[in-house]
Structures are given as structure tokens and as C-alpha cells.
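# Architecture at a glance
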4 protein chains.
Amino acid sequence: MNTVLNLADLEALAEQSLDAATFAYYAGGANDEVTLRENEAAWSRHRLRPRVMVDVSEVDASTTLLGTPVATPVGVAPAALNGLAHPDGEVATAGEAARAGVLFTTSTLSSRSMEDLAGLDGPRWFQLYTHHDRAITADLVARAAATGHRALVVTADRPVFGRREREIRAGFRWPSALGYGNFAPYADEHDMAAITAGLHGSLLTWEELDWLRGLTDLPLVLKGVLTGEDAAAACDHGVAGVWVSNHGGRQLDRTPATVDVLTEVVDAVAGRAEVYLDGGVRRGTDVMVALALGARAVFVGRPWLFALATGGREGLAHALALLHAEVEAAMALLGAPSVAHVRRAHLR
Amino acid sequence: MNTVLNLADLEALAEQSLDAATFAYYAGGANDEVTLRENEAAWSRHRLRPRVMVDVSEVDASTTLLGTPVATPVGVAPAALNGLAHPDGEVATAGEAARAGVLFTTSTLSSRSMEDLAGLDGPRWFQLYTHHDRAITADLVARAAATGHRALVVTADRPVFGRREREIRAGFRWPSALGYGNFAPYADEHDMAAITAGLHGSLLTWEELDWLRGLTDLPLVLKGVLTGEDAAAACDHGVAGVWVSNHGGRQLDRTPATVDVLTEVVDAVAGRAEVYLDGGVRRGTDVMVALALGARAVFVGRPWLFALATGGREGLAHALALLHAEVEAAMALLGAPSVAHVRRAHLR
Amino acid sequence: MNTVLNLADLEALAEQSLDAATFAYYAGGANDEVTLRENEAAWSRHRLRPRVMVDVSEVDASTTLLGTPVATPVGVAPAALNGLAHPDGEVATAGEAARAGVLFTTSTLSSRSMEDLAGLDGPRWFQLYTHHDRAITADLVARAAATGHRALVVTADRPVFGRREREIRAGFRWPSALGYGNFAPYADEHDMAAITAGLHGSLLTWEELDWLRGLTDLPLVLKGVLTGEDAAAACDHGVAGVWVSNHGGRQLDRTPATVDVLTEVVDAVAGRAEVYLDGGVRRGTDVMVALALGARAVFVGRPWLFALATGGREGLAHALALLHAEVEAAMALLGAPSVAHVRRAHLR
Amino acid sequence: MNTVLNLADLEALAEQSLDAATFAYYAGGANDEVTLRENEAAWSRHRLRPRVMVDVSEVDASTTLLGTPVATPVGVAPAALNGLAHPDGEVATAGEAARAGVLFTTSTLSSRSMEDLAGLDGPRWFQLYTHHDRAITADLVARAAATGHRALVVTADRPVFGRREREIRAGFRWPSALGYGNFAPYADEHDMAAITAGLHGSLLTWEELDWLRGLTDLPLVLKGVLTGEDAAAACDHGVAGVWVSNHGGRQLDRTPATVDVLTEVVDAVAGRAEVYLDGGVRRGTDVMVALALGARAVFVGRPWLFALATGGREGLAHALALLHAEVEAAMALLGAPSVAHVRRAHLR
């Protein structure tokens with residue numbers, strides 16, 4: 001992995017090594033991909049205000065997320081079908097995250113089942129697509145708790161599937177339902193498609209969130225929030241975390257870059273929950289911007305898959321280490337020996 | 001039409017299949033085409049604020065325009081000479097619009113006569129260029145009413161012809177006067193040119209609009225309005241609709257993108273009339289922006305002609321269906337089950 | 001001249017037909033040419049607000065400049081050495097301007113002498129570079145009055161020569177002093193260089209302007225003003241006109257586009273003098289912007305020379321007619337039957 | 001050096017004549033080089049307001065820096081390892097600066113020792129990286145005073161090394177410790193690496209600055225300040241100068257262009273110290289912007305090295321003269337006969 005100096009390098013490498021359809025599936029976004037591009041571009045519009053003459057001989061990037069200690073305020077965002085990037089799928093991804101002390105979020109649509117990850121000892125959350133059949137939803141939740149996940153990340157921004165034209169042009173075909181490890185318990189091969197089809201969230205309402213909260217002791221995180229109004233409502237409905245996301249630009253095109261709504265969400269939450277964010281984070285300086293604006297952590301998705309696809313587990317470990325080093329260097333150069341030192345005044 | 005995934009695809013296809021002069025006529029704008037480009041570009045500067053946790057299992061895009069039910073808030077803008085795109089001309093365009101429940105606007109300068117469309121049962125308005133000879137104008141109005149048009153769209157922004165340099169460079173030649181189906185009743189071939197030459201609107205004033213209003217029971221819509229002052233004046237003169245347009249960037253270059261003046265017009269109209277808009281609408285998300293800013297409907301022009309030219313009636317039906325599906329998906333992703341739910345707060 | 005549809009076309013043609021050094025001299029600007037590009041680009045950032053339902057069956061672009069009737073609010077800016085573009089030099093340029101009723105400004109550094117233009121009956125002003133030897137300045141002024149010039153345009157923005165790197169790279173060589181028609185009376189070939197070297201304005205102060213005002217009955221116009229402070233001072237010193245200019249981007253790079261300071265100057269002048277402007281005017285819509293912001297007229301330079309160089313007198317006449325037609329069309333489309341109708345409210 | 005018309009020309013020439021790794025070392029910046037590019041780009045966003053009718057027959061660019069007379073408000077910024085550009089290293093650079101009356105700043109990491117420069121009679125400051133071993137720091141300070149340096153420029157923005165990916169990709173290798181002329185007194189070859197490794201500033205705090213102030217009579221300048229808070233603190237700690245710098249974009253990427261924080265720093269300093277700036281200065285007009293915003297002087301780095309590398313001492317002299325001529329011309333064209341005349345009102 002000598003030529004990989006930063007996360008951006010990985011996308012170009014992955015485009016060469018993955019088949020075109022899989023790359024389009026991973027890399028693409030909805031419609032014109034305005035939001036996909038904006039997510040990345042918006043970070044570089046922010047300018048940092050480094051403070052000098054601070055003792056930064058010791059820099060510590062560790063923090064806690066809903067009480068769980070993690071080595072870094074950068075987590076692994078949920079992503080479907082890691083098996084397309086590596087034969088071990090999420091076992092590889094979650095395994096390397098665990099070794100690095102990085103929070104891993106298991107996708108409902110993972111290639112491998114959550115039970116396959118149960119033996120790993122790193123911090124882990126479960127991303128939940130609710131099912132129209134509440135019995136299936138309830139079972140997924142119970143299994144997530146039983147397999148060591150410490151929070152439930154409920155995805156709110158997929159009432160219908162986003163239309164990713166790049167994917168269509170490249171001829172990407174979703175795997176048969178058997179490719180989704182978490183759904184084997186509910187059906188045989190013949191009705192699997194119907195079961196996964198029931199996962200879109202057109203019926204997901206605040207009432208269903210209340211039902212979920214009554215169902216489990218796991219803290220709830222609402223993912224896919226882009227407005228202060230919904231962030232406040234989520235807090236009113238008892239969430240422990242609000243996750244700012246536009247689904248990596250894969251759902252509604254022309255939503256703002258996530259960083260552009262972070263302040264609005266942080267203000268609306270007003271300390272009642274932790275605030276997270278995903279979307280275009282590629283640099284340690286991006287992480288600094290998010291922390292300065294009030295996020296407790298950020299999540300990264302595609303780059304880890306690109307690293308896994310092009311360099312295997314070692315490639316992923318290298319990528320995790322690269323970003324961690326960038327975070328620490330940015331802290332030192334900002335004059336912030338700990339994440340708690342990163343404040344709004346570090347931004348213009 | 002496999003490769004057509006969105007309306008923008010149609011322009012490139014049309015450029016390949018139409019002769020260069022006809023393409024330049026359809027696609028071009030005035031002078032440097034600043035306004036032509038701005039019309040499209042301005043939409044993508046808007047950012048949407050999707051609301052989550054809303055039941056969108058049923059999404060309904062239907063609405064009414066001046067009381068007429070339509071399947072969608074997206075109509076067919078008036079365009080001259082559809083016969084250059086398809087042998088059946090407006091009979092094809094209006095016919096497919098009718099099948100889709102889409103409002104069609106017949107141009108004064110249509111290839112086919114309005115009488116040829118009389119048998120179609122879809123909703124239909126008539127776009128009027130007033131003639132210096134008021135007897136001809138009056139007859140056009142009477143025929144429009146007799147052929148099933150439910151409103152009169154008076155074009156205000158063509159006091160002189162816009163200069164489209166792209167058209168000139170490509171050598172586009174306007175058809176002989178016989179090519180305009182609506183003018184056969186008034187003359188034989190030898191004085192047709194003089195008759196169509198009388199159509200420019202250098203004499204069209206508010207006084208003439210008052211005269212028109214007295215002439216017919218059809219509601220009047222004033223098309224080509226770009227200022228709050230003129231929108232308010234139009235309401236004072238009794239129009240039922242104000243249509244924000246810069247003639248697709250074909251008249252005065254350097255006018256604003258239509259979406260950039262929509263708020264000004266909506267505020268000036270203050271509920272006294274319905275407000276419509278055309279100009280660069282290509283995506284379902286564009287439609288959301290327009291509705292959020294207070295438009296009751298938008299109109300699309302060139303893409304339907306490109307679809308007709310490259311795919312015939314089937315191509316046009318496909319294009320109408322594509323945009324309709326985009327509108328419904330955008331509504332679901334915004335958390336708006338009906339068009340009435342789309343509000344200003346859905347925009348940043 | 002079939003392919004010349006607008007003034008911008010002329011620059012490309014001229015680049016082909018002129019030798020590289022002469023083209024660089026005409027087309028280039030100071031240093032990085034930031035101001036050169038901005039002068040043109042700034043116009044297209046303005047957006048026009050056309051008013052509809054106005055009778056524009058008669059459009060009249062004529063106006064008066066310091067009391068002199070002209071056919072159009074667009075004049076010919078002073079430019080040195082028209083002889084490089086056409087063997088007849090300023091006799092050709094001024095001659096075609098006169099035929100079109102367009103105000104011509106004779107340059108101190110014209111190829112042909114001002115006496116050579118005396119027989120033309122078009123409106124004409126004289127651009128003055130003051131000489132360190134006031135006797136020479138005084139004689140130039142007396143000759144200007146005697147040869148039919150109706151105002152003195154004093155250039156204020158050349159205390160030192162701007163450095164035009166494009167010119168240097170192209171190897172442009174200024175002609176010997178004999179090439180400047182107005183200086184033959186003062187010297188023989190051997191000391192001409194010294195005389196023209198005395199023309200830079202490092203000593204030109206308000207005191208010298210007062211001296212000039214006492215020297216002649218011709219009204220004074222101060223050219224090269226870019227600030228409200230200097231515009232107000234010019235009025236205090238009795239000028240009849242303030243000419244906003246950055247010398248076509250040929251003197252100090254990084255000055256604003258002239259249109260960007262027009263409002264500041266108009267406000268400072270407060271009606272005490274007429275305000276003119278040059279810099280990047282290429283379109284009839286540019287002229288509308290300038291008039292709407294309070295300019296009485298604009299001046300165009302390079303395009304006339306490019307027209308002369310590529311099409312001779314006929315080419316220049318065509319170019320003058322093209323812009324005139326654009327001005328009239330823009331007025332009609334704005335709803336302004338006369339130049340007095342163009343107001344601030346026509347701009348966003 | 002015929003083709004070198006401005007400082008920007010030098011970079012392209014240097015890219016051709018230096019080996020790729022050395023060029024990457026000189027020219028590159030941290031990470032994505034956002035700040036590197038911004039430093040240059042930000043200058044050209046400023047617009048100058050030239051005043052006319054001012055006597056500028058005599059223009060004088062000289063000034064004083066901490067009381068030392070200099071010919072120009074443009075100094076030579078500290079840069080490590082001039083020996084990579086020229087066999088004589090800093091002896092050449094400082095020598096040409098002295099001949100031009102330009103202030104030279106000797107780098108702690110110079111190729112040649114400060115004693116090698118002691119015989120030159122031009123104005124000279126010493127840039128100090130503090131060492132973890134305060135005895136070494138104290139000795140460096142004492143030697144700087146003894147070798148004719150008149151101020152100590154303490155670099156504050158290198159607590160850790162910036163990561164310059166361009167350098168890594170090009171395979172740049174830092175010289176062995178013996179390549180740093182100032183460190184020969186402290187060690188033999190075998191432990192030199194350890195000594196230079198002790199130079200990063202992770203322990204540099206205000207307390208250490210106070211210790212430095214007690215150590216020497218030389219005035220202190222704090223370099224690497226980008227915030228008003230740190231500028232004010234520096235004044236509170238008795239510095240004589242505050243030097244706005246982001247280390248040429250080589251440390252923390254995404255810091256603002258230096259000119260973008262100049263006003264903030266000038267306001268915070270409030271006259272208690274002189275304010276300097278480096279970062280992307282390439283044109284005389286850049287210098288005008290900095291002076292207008294309140295800087296007493298600016299410093300230029302890379303271009304001098306590129307000049308030295310491509311043209312030797314003569315090339316450097318030419319480059320120094322070019323920028324000096326640009327400064328004088330810009331002053332004349334602004335209407336500012338002395339640097340004291342350049343005021344905030346010369347900027348829009």
C-alpha cells in the first residue's frame with residue numbers, strides 16, 4: 001500500500017481493482033450526484049484557526065460514544081454488502097475496526113450475519129432498517145442486543161430507495177436475498193426477496209420509533225437527520241444520539257452537505273443527545289471541523305470499503321491508521337491536546 | 001429508450017438525431033446564452049430540507065390548475081413548430097400529454113392547427129401571440145375557446161424577436177408561413193408571411209390586455225413576467241394566472257433565472273392569482289423547489305421535443321413518466337405525501 | 001463579415017489577421033490581466049429586470065453628450081496608433097464614427113494628426129495627455145479646439161506606464177516618435193522621442209487641471225477615475241464630465257471592473273457632471289446596465305480596432321451597426337422606448 | 001533571464017531545472033495544498049482603489065523594520081537548506097539581499113552557518129526553532145546576536161512536522177544532519193540526527209517565550225500567528241513584532257490565506273507591535289494590499305530560491321529588482337509617493 005498516502009487515494013485504486021458495476025454501487029450517489037460531491041467539497045470550504053504556544057507533546061484522540069470508550073472520534077459507518085469488497089465481508093471490516101479501537105456499525109443489510117461478528121470484542125452498534133412486519137423488526141433488535149451491539153442506529157432517510165443512475169448505467173445487480181446474512185432465519189430462498197422488499201421505511205414514523213424504544217434497553221440513535229426540527233423531535237422522542245446524514249448522497253439529491261447543517265442540528269439538540277455525522281469525511285482536518293461545530297464523532301464509509309477491496313485487511317488497517325495519524329497531527333497543529341480542547345473558536 | 005434515465009439525457013440524443021439547424025433552433029438561446037444556462041444552473045443551487053419519520057406509503061402528485069384537475073404540477077410549455085420534431089407535430093405532443101393527464105399548452109405558432117387537437121380530451125390551454133390586426137387576434141381567441149382550451153396564455157415578452165446567434169450560425173430557416181397551422185384561415189400562401197410578421201408584441205400593452213379580457217370568458221394567464229411590479233399589475237388587470245418565464249432564455253439575455261425571481265413574483269401576487277414558472281426544469285427536485293417557493297405548477301418545454309424527436313410518441317411518454325416518477329420520489333424523500341405538503345420550510 | 005455576429009467575434013478574427021505583436025499590444029492588459037478579464041466578466045454578473053406590456057413600437061437610442069446630439073450612448077474610446085490597424089488610421093475610424101453619428105475621441109497619441117480629422121462633421125472630443133512642458137500642452141489644447149473637438153478628455157491614470165507583459169513577451173516595439181501625428185509641429189525626428197517621453201502624467205495634479213480649465217473654453221472631462229473621492233474632487237474642480245476607466249486594464253492590475261465602481265462614482269458626482277465609462281463593453285445589454293446605474297454614455301475601444309483591422313472601414317461600419325442594433329433590441333425587450341426610460345429598477 | 005518577467009515565471013523554470021524531489025520540497029505544501037493555493041489566490045481577490053492627480057514624480061519604497069532602515073517593505077523569508085538551490089547557499093541569498101538593501105532572515109536550518117554570513121552588511125534577522133535542550137537554544141540565540149542579527153524570529157507553528165504528500169511522492173530525502181550549518185558546534189556526525197530531531201516545537205509555550213525574552217536584548221518576533229487571540233497574547237508577552245504566517249501552507253492545511261487574517265491580527269495588535277506577513281506574495285500589488293491592511297512589511301520565500309536555482313546570484317538579483325520595480329510602479333499608480341501613504345482606503 002505504498003502509494004496510499006490518504007483516503008482519497010483509495011477511490012482511484014478501487015476504481016481500477018473492482019468491477020465497474022460494484023465500483024458504481026459503492027461510489028455512486030443519487031441522480032446528478034450534487035449532494036455526493038457537496039459532501040466532500042463542503043469540508044474544504046472551512047478554514048481552521050490554529051492556536052500556537054500550546055504544549056502538545058502529548059495528544060490524545062480518544063473519547064467515549066454513548067459511554068463506550070473508543071480510540072478516536074471516527075467510526076465505521078454502516079454499509080451494506082461488505083462481501084462485495086472482501087470474501088470475509090463484515091468479519092474483516094469489523095475485525096480490523098476492533099483491533100484499532102474504532103466503533104463499528106453493523107448494517108441490517110450486511111453480507112455476513114450479526115452473529116458472525118459476536119465474538120469480536122471491539123465497540124459495535126447495529127444499524128436498523130425497520131421492516132413492515134414488526135415481528136421481524138423486533139427479532140432483529142433482540143438479536144442485535146444479543147450479539148454485542150451497544151446501540152441501535154435507526155435509519156430514517158430511506159422511505160423509498162434513492163435512484164442512483166450511475167449504478168443503473170453500470171448495470172449493477174443486487175445479490176439474491178440469500179446474500180444478506182441477517183435474514184436467513186426468517187425464510188428460505190424462495191421468499192427472501194419479499195422479505196428484504198419490506199425493509200423500506202415508507203411507514204416509519206415517530207410512533208414506530210416510540211414502539212422501538214419500548215422494545216429494547218439499547219439506546220437509540222436516529223440516523224438521516226438533516227433539519228433542526230427533526231433533531232429536536234428525535235430528542236423529544238427519547239433518542240440518545242442524532243446522526244446527521246444524507247445517506248452518503250445516495251437518497252435525495254440536492255440535500256445540503258452534512259457539515260452545512262451540523263450547526264443547525266447541534267443547536268436544536270441543545271445537549272440533550274450526542275450528535276454524529278457522516279458524509280465526505282476524508283481528512284483529519286475534516287474531523288476537526290466536525291468536532292469544532294459540536295459533533296461528538298464522525299463516521300466514514302466508502303474509504304474503508306475501498307481499502308478493503310484494494311488492500312485486504314492490511315489495507316484497511318493502513319487506512320484506519322492513516323486517518324488516525326491525521327487526526328492526531330491536526331490536533332497538535334491546532335493546539336488541542338485532547339478532543340475536548342477542539343472548540344468553535346478553532347474555526348473561522 | 002434504455003439509455004434515457006433523465007431529461008438531460010435527451011438533449012445529447014437529440015443533438016445526434018436532429019439536423020444541426022433544427023437542434024440549434026430548439027436548444028439555443030439569445031446572444032451569449034447566459035440566461036439559458038442560468039435557468040438550469042439556478043435550480044441546483046437550492047438545497048432541500050427533507051423531513052423524516054413521515055408516512056409516505058401513499059404519495060399523490062395530482063393538483064388542479066385554474067380548477068382543472070391534472071395528474072402532476074408539471075405541464076407542457078408552449079413551443080412553436082412541433083412538426084420539426086415529429087411528423088404528427090402537436091397531435092403527437094398533446095396526445096401523449098393527454099394520456100398522462102398532463103396539461104398541454106398549444107402555441108399560436110404550432111405546426112398543426114388547434115382544430116386538429118380539438119378531439120383530445122386532456123386539459124389544454126392556448127398560448128396567444130396577439131396580432132397587430134385585432135380582428136385576427138379576436139378570431140384566434142374564439143377558435144381557442146371553441147377547440148377546448150380552458151385558458152388563454154398571453155405572451156408578454158416578445159415585443160421584438162430575440163436574437164439567437166446559435167440559430168444564425170447553424171443556418172436555421174423558419175418555415176414558410178404555410179407551416180403554421182393556425183393561420184390558414186386568414187390568408188393564402190402569398191400574404192402569409194405578412195400575417196405572421198404582425199405577431200410580434202411591440203404594441204401589446206395593459207390596455208390591450210383589458211380588451212382581451214372583455215373579449216372572452218376564458219381566464220387569462222400572463223406569461224413572461226419577471227418582476228414583482230408587472231406581476232402586481234397583471235393582477236390589477238384581472239389575470240387568473242401569472243407565468244414567470246424568460247422565454248427559455250430566447251429573448252433578452254442576462255435576465256435572471258426564473259427561479260431566482262419566483263419569490264418576488266409570488267409575494268407581489270399575494271394569492272390573487274396562481275403562479276406558474278418555466279425555465280430549465282429538468283428534475284423532480286426542481287419541481288419541489290418551485291412548489292416550495294410558491295409556484296402552483298411548472299412547465300417544461302425543450303425536453304418533450306427532444307424526446308419526441310428521438311423516441312417518437314413512445315419516447316415522449318417515457319420522458320413524461322420519468323419526470324413524474326422523479327416528482328413522486330422527491331415528495332416521498334421530502335416527507336410530503338401531497339403537493340400541498342411541500343412548503344417553504346423544505347428549502348434552506 | 002458574415003461570421004461576425006457580435007463584437008466578441010472580432011477579437012478572434014483579429015488575432016488571426018494581425019501580427020502577434022500588434023495583437024498583443026491592442027488586446028493585452030497589465031501584469032496578470034486580472035482587471036482586463038474582470039472588465040468584461042463583471043457585466044455578465046448583472047441581471048436585467050425587463051418590464052412588459054410597454055409600447056415599444058418606436059425605440060430611440062439617441063441622446064446628447066455635453067449638449068452634443070449623438071445617435072447612441074456608445075462612443076469610440078480614445079486609442080493610440082490606429083494606424084497599426086488600417087493605413088488610414090484615425091481618418092478611417094473617425095470617418096465611420098461620423099457616418100454613424102457616433103462620438104469619436106481622438107487620442108493624443110493618434111497615428112494621424114488631429115488636423116487630418118478636421119474636415120469630418122461628426123461629434124468629436126480630444127483625449128489629452130498633458131506634457132511636462134506646459135507650452136506643448138497648451139498648444140495641443142488650442143489645436144484641439146481649432147480642429148473641431150468639443151471637449152477635452154484629460155487622462156488621469158497614467159502617471160507611469162502600465163507594464164503589459166503580454167506585449168513584452170510578444171516583442172511589441174513602439175513606433176518611432178514620427179509615428180505620432182500630433183507631434184510633428186514640435187520637433188524634428190531627432191528629439192521626438194524626448195517629447196513623447198514627456199507625456200506621462202507623474203506631475204499631473206489638481207492644480208494642473210485648474211490651469212487647463214483656465215486655458216480653454218472647452219469643457220473638461222476627467223478620464224481614469226475609479227473612486228468616489230476623486231469623482232467628487234473632479235466636480236469641485238469644475239469638470240463637466242467624469243469618465244470611469246481603468247485604461248482598459250492596461251495600467252494598474254487588480255483595480256475593479258469599471259462597472260463595479262460606477263454606482264460609487266455616480267453617487268459622488270450627484271448630478272454635478274455627466275458620467276461616462278469604458279471597460280469591457282461588448283453587448284447592448286452591457287450598455288443597458290451602465291445606463292441603469294447612472295452613466296450617460298459608455299465608450300468602446302478595442303472592438304472597433306479589431307473590426308478595422310479585419311474588415312476595414314466596412315468592417316467597422318458593420319461593428320458599429322451591430323452594437324447599435326443590440327442597444328435598440330435591448331431597450332425594446334426592457335420596455336424602454338428611450339434611453340431616459342432606462343432606470344435603476346431595470347437591474348436586480 | 002530574459003523570459004522572467006515576474007516572480008510566477010520562476011516556479012515553472014525551477015520545475016524544469018531542479019530535480020523533481022527538490023522541487024517538490026520547495027514548492028509543495030501540506031496534504032491537499034488547499035492553503036498553499038489559497039495563499040496566492042487570496043491576493044487576487046482584493047481590488048485596489050487608485051487615487052489620481054497626485055504628484056508621484058518621486059516614489060520612495062523605503063521603510064524601517066524594528067528601527068532598521070530597509071530599501072523596501074519586502075523581505076526574504078526564512079527558508080531551510082538554501083544549499084539545495086545554490087552551492088553557496090545562504091551566502092548567496094543573503095549576499096544579494098544585502099546588495100539590494102533587503103532584510104534577510106536566516107533560518108535555524110540553513111545550509112550554511114550563521115557565522116558564514118557575519119561579514120555581510122545588510123540587515124538580518126535570525127529565525128529560531130527552539131530546541132528541547134534549552135542550552136542549545138540559548139547558544140543559538142547568543143550566536144545569532146554575535147553574528148549581526150538584529151531580531152529573533154521565533155517560529156510558533158511547528159509543534160509537529162507538517163505532512164507534505166507531494167514531497168513523499170517525489171521521494172525527497174532530508175540531508176544528513178551535517179547539512180545544517182548551525183549545528184556543527186553541538187555534536188559530531190553520529191548524534192546530529194538526534195539534535196535536529198529535538199527542534200520541533202511541541203513544548204514551545206508562552207512560558208518558554210518569556211524565558212527567551214529574558215535571555216537576550218534582541219527584540220522578539222513571533223512567527224506563525226493566525227489569530228487575533230494569539231497576536232494579542234504575543235503582545236502581552238512583550239514581542240516587538242507579530243508575523244502572520246501559515247508556514248507557506250506547509251504545516252496545517254485548511255488554515256486561511258494569510259492575507260485573510262491580516263486585519264484580525266492588526267486589530268488585535270492595536271499598534272503594540274509591528275505586523276509582518278508571508279504567504280503567496282508574488283506581485284507588487286500584493287504588497288500594496290498588505291500595507292493597506294496594516295502590515296509593515298511582507299516576506300517572500302520560494303521565489304527567491306527558484307531564482308537562485310535557475311539563474312544563480314544574477315537571477316536572484318533580477319528577481320529582487322523585478323519585485324522592487326513592481327512595488328514602485330504600484331505605488332505610483334495608486335497615488336502613494338511613500339509607503340506611509342498606502343492606506344486602508346486604497347482597498348475596496
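Summary of the structure given here.

The rules we used
Here the residue index of a chain counts from 1 through its sequence in written order. Working convention: letters from A go to chains and numbers from 1 go to ligands, in the order in which they are written. Where local features are concerned, this predicted model is filtered to residues with pLDDT of at least 70; where side-chain atom pairs are given and counted, the filter is 80 or more; whole-chain, interface and lining totals use all residues. With hydrogens and water stripped out, all remaining heavy atoms of the structure feed into the side-chain values. For this analysis, residues touch if any pair of their heavy atoms sits within 4.5 Å. By definition, the buried area sums, over both parts, the 1.4 Å-probe accessible area that each loses when the two are put together. We define a salt bridge as a contact between a side-chain nitrogen of Lys or Arg and a carboxyl oxygen of Asp or Glu at a distance within 4 Å. In the analysis that follows, any N or O atom pair within 3.5 Å is treated as a polar contact, provided that within protein one partner can donate a hydrogen and the other can accept it, and provided that, for residues neighboring in sequence, both atoms belong to side chains. Superposition of the copies used a least-squares fit over C-alpha atoms from residues whose pLDDT is at least 70 in both. Buried, partly exposed and exposed residues are distinguished by accessible area as a fraction of the type maximum, computed with a 1.4 Å probe on protein chains only: under 20%, between the cut-offs, and over 50%, respectively. Secondary structure elements follow DSSP: runs of H or I no shorter than four residues count as helices, runs of E no shorter than two count as strands, and numbering proceeds from the N terminus. One requirement defines pairing of two strands: DSSP has to find at least two bridges between them. Here the term right-handed applies to a crossover when the path leading from its first strand over the helix to its second strand runs clockwise, the strands being oriented away from the viewer. Fitting a line to C-alpha atoms yields each axis, with helices limited to the stretch in contact; the angle taken between N-to-C directions then spans 0 to 180 degrees. Oblique is the label for any angle not under 35 degrees, not over 145, and not in the 65 to 115 range, which are roughly parallel, roughly antiparallel and roughly perpendicular in turn. By the convention adopted, Pro, Cys, Tyr, Trp, Phe, Met, Ile, Leu, Val and Ala count as nonpolar, Lys, Arg, Asp and Glu as charged, and the other residues, Gly among them, as polar. In this analysis, the expected span of each helix is defined as 1.5 Å times one less than the number of residues it contains. Comment: arc refers to directions from the helix axis out to C-beta atoms.

Right, let's talk about the interface of chain A and chain B for a bit. Taken together, the 34 residues of chain A in the interface contact 29 residues of chain B. For the chain A and chain B pair, buried surface summed over both sides reaches about 2700 Å², with 57% attributable to carbon and sulfur atoms. Of all residues in chain A, Asp230, Leu252 and Arg254 of chain A bury the most surface against chain B, accounting for 25% of the area lost on that side. Summed over the shared surface of chain A and chain B, the result is eight salt bridges. The shortest N-O distance in the salt bridge between Arg49 of chain B and Glu264 of chain A comes to 2.5 Å. Between the two partners, chain A and chain B, sit 15 residue pairs in polar contact (both at pLDDT 80 or more).

This next bit is on the relation of the copies chain A and chain B. Expressed as a screw operation, the relation of chain A to chain B combines 0.0 Å of axial shift with a rotation of 90 degrees, fitting to an RMSD of 0.0 Å. Taken together, the rotation and translation relating the two chain copies correspond to the operation of a four-fold axis. Using C-alpha coordinates, one finds that chain A approaches the rotation axis most closely at Arg45 of chain A, a distance of 11 Å.

With that settled, the discussion passes to the pattern of salt bridges. Going through the model one piece at a time under the given rule, you end up with 109 salt bridges over all chains. Here Glu38 of chain B ties to Arg45 of chain B by a salt bridge, and the two come within 3.1 Å at their closest N and O atoms. Relative accessible area serves as the criterion here: at 16%, Glu38 of chain B is assigned to the buried category. Three or more residues joined by partner-sharing salt bridges are found here, namely Asp9, Arg283, Asp286 and Glu326 of chain A together with Asp32, Arg163, Glu165, Arg169 and Arg254 of chain D.

Both faces of the sheet carry side chains from a regular strand, because those side chains alternate between them. Residues and elements named next belong to chain B. Alternating residues of strand S6 (residues 152–155) divide into Leu152 and Val154 and Val153 and Thr155, and every residue in both groups is buried. Examined bridge by bridge, strand S5 (residues 124–128) and S6 share three bridges and lie parallel to one another. Directly across from Leu128, in S6, lies its bridge partner Val154. Handedness of the β-α-β unit built from S5, helix H5 (residues 134–146) and S6 comes out right-handed. The sheet contact formed by S6 and strand S7 (residues 220–225) spans four bridges and is parallel. Across the sheet, residue Thr155 finds its bridge partner in S7, namely Lys223.

Looking now at unusual backbone geometry. Look at Leu81 of chain C: it is not a glycine, yet its phi comes out positive at around 55 degrees. With respect to the element layout, Leu81 of chain C can be found in the loop between strand S3 (74–76) and helix H4 (90–99). Leu81 of chain C sits in the buried class, given a relative accessible area of 2%. The backbone of Leu66 of chain D sits at a positive phi, close to 50 degrees, despite the residue not being glycine. Here Leu66 of chain D lies in the loop between strand S1 (63–65) and strand S2 (68–70). Residue classification places Leu66 of chain D among the partly exposed positions, given a relative accessible area of 25%.

Looking now at the pairing of strand S8 (residues 241–244) of chain A. Residues and elements named next belong to chain A. Neither face of S8 is open: one carries Gly241 and Trp243, the other Val242 and Val244, and all of them are buried. In this structure, strand S7 (residues 220–225) lies alongside S8, joined through four bridges in parallel fashion. Within the sheet, the bridge partner assigned to Val225 lies in S8 and is Val244. Once the chain exits S8 it traverses helix H10 (residues 258–269) before rejoining the sheet at strand S9 (residues 274–278), and the crossover so formed is right-handed.

Inspection of the secondary structure assignment puts Asp9 of chain B in helix H1 (residues 7–17). Judged by relative accessible area, which is 17%, Asp9 of chain B ranks as buried. Those residues within four positions of Asp9 of chain B in sequence are excluded, and the remaining contacts are Arg169 of chain A together with Thr3 and Val4 of chain B.

This paragraph deals with the arrangement of the chains. These two, chain A and chain C, are apart from each other, with no contact and a minimum C-alpha gap of 23 Å. Structurally, chain B and chain D remain out of contact, their C-alpha atoms never closer than 23 Å.

Attention shifts here to the packing of helix H3 (residues 34–43) of chain B against helix H10 (residues 258–269) of chain B. A packed helix pair is summarised by two numbers, namely the angle formed by the two axes and the spacing between the axes. All names here are of chain B. Remark: H3 packs on H10, axes separated minimally by 8 Å, with the N-to-C direction vectors making an angle of 70 degrees. When the axes of H3 and H10 are compared, the pair comes out roughly perpendicular. Facing H3, whose interface residues are Glu38, Asn39, Ala42 and Trp43, H10 presents Thr258, Val259 and Asp260. Residues belonging to the contact of H3 with H10 are distributed by class as follows: three nonpolar, two polar and two charged.

It is worth spelling out helix H5 (residues 134–146) of chain C at this point. All names here are of chain C. Between the first and last C-alpha of H5 there are 18 Å, a value that for 13 residues agrees with the 18 Å anticipated at 1.5 Å per step. Inspection of H5 places Ile136, Thr137, Leu140, Val141, Arg143 and Ala144 among the buried residues, and these make up the whole buried set. Along the long axis of H5, the arc covered by the buried residues comes to 165 degrees, so they all point the same way. Of the exposed residues in H5, the ones pointing more than 90 degrees away from its buried face are Ala135 and Ala146. Once H5 finishes, Gly148 follows within two positions and takes phi at roughly 90 degrees, a positive value.

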